[in-house]
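# Coordinate analysis (summary)
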Amino acid sequence: MSADSWLLLGKALWETIYMTAVSGGLSFLFGIPLGVLLYITKPGRIKENPALNSVLGAIVNATRSVPFIILLVAIIPLTRLLVGTSIGTTAAIVPLTLAAIPFVARIAEGAINEVPSGLVEAAQSMGATPLQIVSRVLLPEARPGLINGMTITLVTLVSYSAMAGAIGGGGLGDLGIRYGYQRFDGVIMLATVVILIVLVQLIQSAGDRLQNYYDRTR
Amino acid sequence: MIELKNLTKVFKAGGKEVKALDSINLSVPEGSIYGVIGSSGAGKSTLIRCVNLLERPSSGQVVVDGQDLTTLTEKGLRQARHNIGMIFQHFNLLSSRTVYQNIALPLELAGASKDEIETAVSPLLELTGLQDKRDSYPSQLSGGQKQRVAIARALASKPKVLLCDEATSALDPQTTRSILALLKDINRELKITVLIITHEMDVVKTICDRVAILSYGQLIEENEVEAFFLNPQTDLAREFVRSAIHEKPVAEVESRYQPEPSEGSRPVVRITFVGQGVVDPLITRAAKQFGTDFVILQADIETVQGKSMGFLMVEILGEESEVEASMKFLKENVQLEVVGYVS
Ligand SMILES: Nc1ncnc2c1ncn2[C@@H]1O[C@H](COP(=O)(O)OP(=O)(O)OP(=O)(O)O)[C@@H](O)[C@H]1O
Ligand SMILES: [Mg+2]
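Owing to the predicted nature of the structure, the values given are computational and were not obtained by experimental measurement.

Residue and element names in this part refer to chain B. With a phi angle near 50 degrees, Asn6 is a residue other than glycine that sits in the positive phi range. Checked against the element boundaries, Asn6 lands in strand S1 (residues 2–13). Take Asn6: its relative accessible area is 45%, and that puts it in the partly exposed class. Backbone geometry places Lys158, a non-glycine residue, at a positive phi of 50 degrees. In this fold, Lys158 is placed in the loop between helix H5 (143–155) and strand S7 (161–165). Residue Lys158 is classed as exposed on the basis of its relative accessible area of 68%.

Now the structure itself:
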């Protein structure tokens, strides 16, 4: 492979990491609180609010059912509003984040669901406030599950970021399509696939390690 | 210390109403260990969960340490709960926290400083014998050790009341004994009032001062433990006492057993002795004095409230007048009850 090809691959790898990391971070920032909200507003929970719960649930489900490639194009006005442009790597972060937030929210809700309800009762019997129950009991106890969910989210974002090429987001997937499919350059396409495999492996094993470190149930 | 007044709890589940508690009136004296027994589904857990308002009663009052909890605001209730420790059947420890951190939790929630926490937790580790488990995680502990952590945690906020919901039901008999002994120590040394919910009479027998029986949401009997064992009033109470003294029918006699007397039948009586009665040779004296014979069908001595209690099932043989006379003599000295006849 030529030096030019290496340069292309390096740039694309950076774009993929940038898109995944930023949209991943933002989706955790908004998705985990949303997941907590979904959990605590269910009937019978510490801040039950059936109306809010159904509204949030409906929004989350609706966002999750829109195919990503449609979402990417449909929210172009919003993207322009938020980052000033609707094309490029940074612009791709907006739809990626928006797609990932409800995904993270459901995963977080599921992880918190696994915390035995007896722990919440124990905390209530000690006079804990709802906020303390979330911060001292639910989130720490759900941490291994949350880390597992974040790992899945990052891996999913790596593959979703390939579609960001549609709005000029760049990245490895986009490079692979442009060189492999449109210019019949098999070497570059193969190289992008290999790098993607390695990247996903790294994310997964780092996530597994972190999860193991925090899992005290074994 | 705990006063339940006309406590009623109705659950609405799928259109149907379940009256889990029906106008319960109950009073737990300060410094005592109070037991509530009942069969599965009787409403025991609902009752104890109403005491710290984990379950809101449908009507009635819950007065703890002079304060009616049902009238408090959220904030006031949280404050009051610092005064009421609780332990559970399944321990409910946080798996992500060490023993030390678990015990520290109530103090953290109340906003205590690191130093305050250290000063409060160390003696609790000592009291519960967990010094060398300080930095272990719950998954590394046995059931008995987990319950000790839960007890230490419940005591961390220096409560006046300790609620125990089936605290020993998940433990083996030996561990149960050690946990009960710990609860007794805590009651005596820290002067904490203890309310215990259980379906095991052994628990009541071992540590309770008073006991109440719950049946289908109603409190049907209440007494001092010794009196309860000596003189149970309801069928359910008698059944519980019998389970505690491991009474069972004797195979050889059962086929000849009848509830009413008939020509030539002989009475079977249950004799209950307390304290000194256990060591007095009353049976042999009756035998000598009236010329009656005694067939011992079953005998058991239990420790209730630190006192010995003897339970004896005997068949009395002899002339009718002699049998009558020896029963009268025994009744003057011990509790005697005719349970049936054999022919
Ligand atoms: N949250 C609830 N919703 C509806 N019904 C309930 C609820 N909690 C308890 N009940 C009902 O109330 C009754 C009493 O239940 P409770 O759990 O207090 O019994 P228990 O005496 O503790 O039984 P066990 O010994 O099996 O624990 C039962 O009929 C139960 O089905
Ligand atoms: Mg129960």
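Moving on from the model shown.
Below, the discussion takes up the interface of chain B and chain A. Contacts between the two partners involve 22 residues from chain B and, on the opposite side, 20 residues from chain A. In this assembly, chain B packs against chain A so that about 2000 Å² is buried in total across both faces, 55% of it on carbon and sulfur atoms. For the pair chain B and chain A, the interface holds 2 salt bridges. B:Glu108 is the partner of A:Arg136 in a salt bridge, and the nearest nitrogen-oxygen pair spans 2.6 Å. Our enumeration of links across chain B and chain A arrives at 10 residue pairs in polar contact (both at pLDDT 80 or more). Those elements that provide at least two residues to the side of chain B that touches chain A are helix H2 (74–81), strand S6 (84–87) and helix H3 (99–109) of chain B. Broken down by element, the side of chain B that touches chain A gets its largest block of residues, 4 residues, from H3(B). Here the side of chain B that touches chain A is built from residues that sort into 10 nonpolar, 6 polar and 6 charged.

Looking now at the side chain of B:Lys44. All names here are of chain B. As for its position among the elements, Lys44 is in helix H1 (residues 44–51). Buried and unpaired, Lys44 has Glu166 as its nearest opposite-charge partner, separated by 4.2 Å. If we skip the residues at most four places from it in the chain, Lys44 touches Val36, Ile37, Gly38, Ser39, Glu166, Ile197, Thr198, His199 and Leu214.

Time to look at the domain arrangement of chain B. Residue and element names in this part refer to chain B. Domain assignment breaks chain B into domain 1 (2–243) and domain 2 (250–342). Computed from C-alpha atoms alone, the centre-to-centre distance between domain 1 and domain 2 is 39 Å. In this assembly, domain 1 packs against domain 2 so that about 980 Å² is buried in total across both faces, 53% of it on carbon and sulfur atoms. The three residues of domain 1 that bury the most area against domain 2 are Lys205, Glu226 and Leu230, which together make up 59% of that side's buried surface. Between Glu226 and Lys307 there is a salt bridge, with its nearest N and O atoms 2.7 Å apart. On the surface where domain 1 and domain 2 come into contact, there are 5 residue pairs in polar contact (both at pLDDT 80 or more). Of all the secondary-structure elements, those providing two or more residues to the side of domain 1 that touches domain 2 are helix H7 (201–207), helix H8 (225–230) and helix H9 (235–244). Top element by residues in the side of domain 1 that touches domain 2 is H8. It accounts for 4 residues.

Analysis parameters
- Residues numbered from 1 in each chain as written.
- Chains lettered and ligands numbered in written order.
- Predicted model: local features only at pLDDT ≥ 70, side-chain atom pairs only at ≥ 80, totals over all residues.
- Heavy atoms only, no water.
- Helix = DSSP H or I, 4+ residues; strand = E, 2+ residues; numbered from the N terminus.
- Buried < 20%, exposed > 50% of the residue type's maximum accessible area, 1.4 Å probe, protein only.
- Contact = heavy atoms within 4.5 Å.
- Buried area = accessible area lost by both parts, 1.4 Å probe.
- Salt bridge = Lys/Arg side-chain N within 4 Å of Asp/Glu carboxyl O.
- Polar contact = N/O pair within 3.5 Å; in protein donor to acceptor, adjacent residues only side chain to side chain.
- Nonpolar A, V, L, I, M, F, W, Y, C, P; charged D, E, K, R; others polar.
- Lys, Arg positive; Asp, Glu negative; His and termini not counted.
- Domains from an automatic or database assignment.

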